[in-house]
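# Results of the structural survey
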Amino acid sequence: MAKQKKSPKPKSAPFPSRDEILNFIHNSSQQVGKREIARAFRLDSRQRIALKDVLRDFENEGLIGRQRGRRYTSPEALPSVAVVDITGTDIDGELLARPSNWEGSGEPPKIYMAPERKGHSALGVGERVLARLTRLETGAYEGRMIRRLQEAPRQILGVFRAGPDGPSGGSGRLQPTNKRQRQELVIAKENTLNASPGDLVLAEILPGKPFGLRHAKIVERLDRLDGTKSISMIALHEHDVPIEFNPQALQDAKAATAAPLQDREDLRDLALVTIDGEDARDFDDAVWAERDTDPKNPDGWHIIVAIADVAWYVRPGSALDVCAYQRGNSVYLPDKVVPMLPEELSNGWCS
């Protein structure tokens with residue numbers, strides 16, 4: 001009986017170029033691993049070893065990032081599950097979110113949150129949720145809520161002090177400025193943000209309940225404790241005055257334009273004079289006066305008071321409305337003002 005001839009092994013495809021491998025990773029609608037890359041380019045076992053070296057070089061050069069399960073993706077892509085903050089809606093009413101922690105360059109990819117199932121309350125601006133993210137062909141993401149998180153990571157104002165290993169050790173302790181918070185927090189060397197002992201800093205308490213002192217990471221260095229800003233910053237945090245605006249509110253303020261004339265009376269020809277003091281932080285009130293020619297009002301005056309039309313820019317339920325409601329009013333301090341609305345409005349179109 002004649003021996004059967006073994007079928008020849010399929011020839012391996014040519015090894016792909018660096019650009020081809022990078023384009024495959026960056027253009028994939030989901031995270032891919034070495035196996036998916038090798039299968040896509042029909043690589044043999046020898047070529048897979050070479051692929052491993054190429055992927056390692058890409059990581060070292062910062063061209064790709066590695067996620068859980070040895071999955072590769074664009075360095076600024078988002079993981080499949082992440083904590084996100086609900087920021088507002090776009091012009092079509094789609095609910096938008098952004099990652100709570102973003103370390104990439106520029107703005108993070110857009111996240112469009114899918115509607116909640118029937119019987120579940122809709123997500124609101126300012127909420128923080130754990131979401132499953134799916135990358136879309138446009139580069140944006142669709143987010144589906146896994147669960148609501150009770151609160152955002154708590155921030156605390158304090159003075160950075162050297163740790164037990166001394167100033168040269170790099171680590172430190174955070175001494176809260178609020179006297180009701182008596183316990184210090186541990187700041188690991190990688191979480192100091194290069195703060196120096198005596199710096200007034202804003203820190204975020206890290207999750208978990210380790211034995212002993214809680215841990216935190218510094219997110220902003222504000223001033224020296226004896227600096228000019230320190231008293232104002234301590235006062236703001238003592239009274240929980242919101243300082244930052246959410247991204248959607250900032251975006252809406254930057255996109256604002258002049259209000260249309262429509263049914264408004266045009267007073268631009270009048271020589272309106274501001275009545276805010278010389279040292280005021282915003283100028284939103286003005287007056288104009290002339291002698292009243294009405295004989296029924298002898299020696300009287302005709303006065304016009306002009307006030308910025310904030311309501312035109314702050315629509316009910318918008319991100320700007322939510323931020324303004326949280327504040328209630330602007331807060332004036334000797335060295336600064338914390339406005340009720342972003343600067344583009346408070347010191348721009350409404351000033």
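Nothing here was measured: the structure is a model prediction, and the numbers come from that model. Residue positions within a chain follow its written sequence, with the count starting from 1. Confidence filtering applies because this is a predicted model: local features only for residues at pLDDT of at least 70, side-chain atom pairs given and counted only at 80 or more, and all residues used for totals across whole chains, interfaces and linings. The basis for every side-chain value is the complete set of heavy atoms in the structure, and neither hydrogens nor water enter the calculation.

### Brief notes about the overall build of the protein
To qualify as a helix, a DSSP run of H or I must reach at least 4 residues; to qualify as a strand, a run of E must reach at least 2; elements of each kind are numbered from the N terminus. Across its full length, the protein holds 7 helices and 17 strands. Partly exposed residues are those whose accessible area sits between 20% and 50% of the maximum for their type, while under 20% is buried and over 50% is exposed, using a 1.4 Å probe and protein chains only. The burial tally for the protein puts 32% of its 351 residues in the buried class. Residue contacts are defined here by distance: any two heavy atoms, one from each residue, within 4.5 Å place the two residues in contact. Contacts in the protein between residues far apart in sequence, at least 24 positions, make up 52% of those at least 6 positions apart. Surface accessibility follows the Shrake-Rupley procedure with a 1.4 Å probe radius. Residue values consider only the protein chains on display as shielding. Accessible surface computed for the protein: about 23600 Å², of which carbon and sulfur atoms make up 50%.

### Focus: helix α1 (residues 18-27)
When α1 is considered as a whole, its buried residues turn out to be Ile-21, Leu-22 and Ile-25. Angular distribution of buried residues about the axis of α1 spans 95°; they occupy a single face of the element. In α1, the exposed positions angled more than 90 degrees off the buried face are occupied by Asp-19 and Asn-27. This arc describes the spread of directions from the helix axis toward the C-beta atoms.

### Overview of the sheet that holds strand β13 (residues 273-274)
Between any two strands, pairing holds if DSSP finds at least two bridges. Ordered in space as β13-β14-β15, the 3 strands form an open sheet in which the pairing is antiparallel. Strands at the two margins of the open sheet, each flanked by one partner only, are β13 and β15 (301-307).

### Comments concerning the packing of aromatic side chains
Any two rings among Phe, Tyr and Trp, with Trp reduced to its six-membered ring, count as a pair given centres within 6.5 Å; such a pair is stacked if its planes are under 30 degrees apart, edge-to-face if over 60, and tilted if neither. The full count for this structure, using the stated rule, is 1 aromatic pair. Seen from their ring centres, Phe-24 and Phe-41 are 5.7 Å apart, and the 65° between their planes marks the pair as edge-to-face. Here Phe-41 lies in the loop between α2 (34-40) and α3 (45-60) and Phe-24 lies in helix α1, a separation of 17 residues in the sequence. When its relative accessible area of 25% is taken as the criterion, Phe-24 is described as partly exposed. We classify Phe-41 as buried; its relative accessible area is 19%. The aromatic ring of Trp-312 is capped on one face by Arg-264, whose charged end is 5.1 Å from the ring centroid. We note Arg-315 situated over the ring of Trp-312; from NZ or CZ to the ring centre the distance is 4.5 Å. Our definition puts a charge over a ring when NZ of Lys or CZ of Arg is within 6 Å of the ring centre and also within 35 degrees of the ring normal.

### Notes on the nonpolar core
Residues grouped as a nonpolar core are buried Ala, Val, Leu, Ile, Met, Phe, Trp, Tyr and Cys residues, joined through side-chain atoms within 4.5 Å. Core analysis: the largest hydrophobic core is formed by 15 residues, its most contacted members being Val-84, Ile-86, Ile-111, Met-113, Leu-123, Val-129 and Leu-133. For this core, the secondary-structure elements that each account for two or more residues are β3 (81-89), β4 (95-99), β5 (111-113), β6 (128-135) and β7 (141-148). Here Met-113 is in contact with Val-84, Ile-86, Leu-95, Ala-97, Leu-123, Val-129, Ala-131, Gly-143, Arg-144 and Met-145, once residues within four sequence places are set aside. Of all hydrophobic cores here, the second largest spans 13 residues; its members include Phe-245, Ala-256, Ala-319 and Cys-323.

### Structural notes on the sheet that holds β7
In any sheet, the strands associate via hydrogen bonds between backbone groups, in a parallel or an antiparallel arrangement. In spatial order, the strands read β3-β4-β5-β7-β6; together these 5 strands close into a barrel with mixed pairing. With direction set aside, neighbouring strand axes in the sheet form an average angle of 50°. When β6 meets β7, the two strands line up antiparallel, connected through 7 bridges. Following the sheet pairing, Leu-133 is matched in β7 by Gly-143. Along the sheet, helix α5 (residues 247-254) contacts β3 and β4; its crossing angle with β3, the most-contacted strand, is approximately 35°. Axes, fitted as lines to C-alpha atoms, cover a helix only where it is in contact. Angles between the N-to-C directions of the axes lie from 0 to 180 degrees.

### Things to note about the packing of α5 against helix α6 (residues 319-327)
One way to put it is that α5 packs onto α6 with a least axis distance of 8 Å and a crossing angle of 115°. Classed by the angle they form, the pair α5 and α6 counts as roughly perpendicular. Remark: the crossing between α5 and α6 carries left-handed chirality. On α6, the residues touching Gln-248, Ala-249, Asp-252 and Ala-253 of α5 are Ala-319, Leu-320 and Cys-323. Each residue receives one of three labels: charged for Asp, Glu, Lys and Arg, nonpolar for Ala, Val, Leu, Ile, Met, Phe, Trp, Tyr, Cys and Pro, and polar for the others, Gly being one of them. The class makeup of the residues in the contact of α5 with α6 is 5 nonpolar, 1 polar and 1 charged. Note on angle classes: values under 35 degrees are labelled roughly parallel, values over 145 roughly antiparallel, values of 65 to 115 roughly perpendicular, and the remainder oblique. In a left-handed crossing the near helix is turned counterclockwise from the far helix by less than a right angle, and in a right-handed crossing that turn is clockwise.

### As for a nonpolar patch on the surface
A cluster of nonpolar side chains, contributed by Trp-301, Ile-303, Val-305 and Ile-307, occupies part of the molecular surface with about 450 Å² of accessible area. Inspection of the secondary structure puts Trp-301 in strand β15. Each patch is built from residues that are more than 30% exposed by relative accessible area and take part in no salt bridge. Like charges join if they lie within 9 Å; nonpolar side chains (Val, Leu, Ile, Met, Phe, Trp, Tyr) join within 5 Å. Salt bridge, as used here, is a side-chain nitrogen of Lys or Arg placed within 4 Å of a carboxyl oxygen of Asp or Glu.

### Some words on the pairing of strand β14 (residues 285-291)
As paired strands, β13 and β14 are joined by 2 bridges and run antiparallel to one another. Opposite Val-273, over in β14, you have Val-287 as the bridge partner. Where β14 and β15 come together, 7 bridges link them in antiparallel fashion. Each residue of the ladder has a partner; that of Ala-286, found in β15, is Ala-306.

### Notes on the side chain of Asp-199
One can find Asp-199 in strand β11 (residues 199-205). For the purposes of these results, a polar contact is taken to be a pair of N or O atoms within 3.5 Å, where, inside protein, one atom must be able to donate a hydrogen and its partner to accept one; residues adjacent in sequence count only when each atom of the pair is a side-chain atom. At 2.9 Å, the side chain of Asp-199 and the backbone nitrogen of Ser-196 are in polar contact. Among all residues touching Asp-199, those that are not within four sequence positions of it are Gly-158, Val-159, Phe-160, Arg-221, Asp-223 and Arg-224.

### Focus on unusual backbone geometry
Phi is positive for Asn-194, which is not a glycine, with a value near 60°. Take Asn-194: it is sitting in the loop between β10 (185-187) and β11. Judged by relative accessible area, Asn-194 falls into the exposed class, the value being 64%. A positive phi angle is found at Asp-299, which is not glycine, with a value near 60°.

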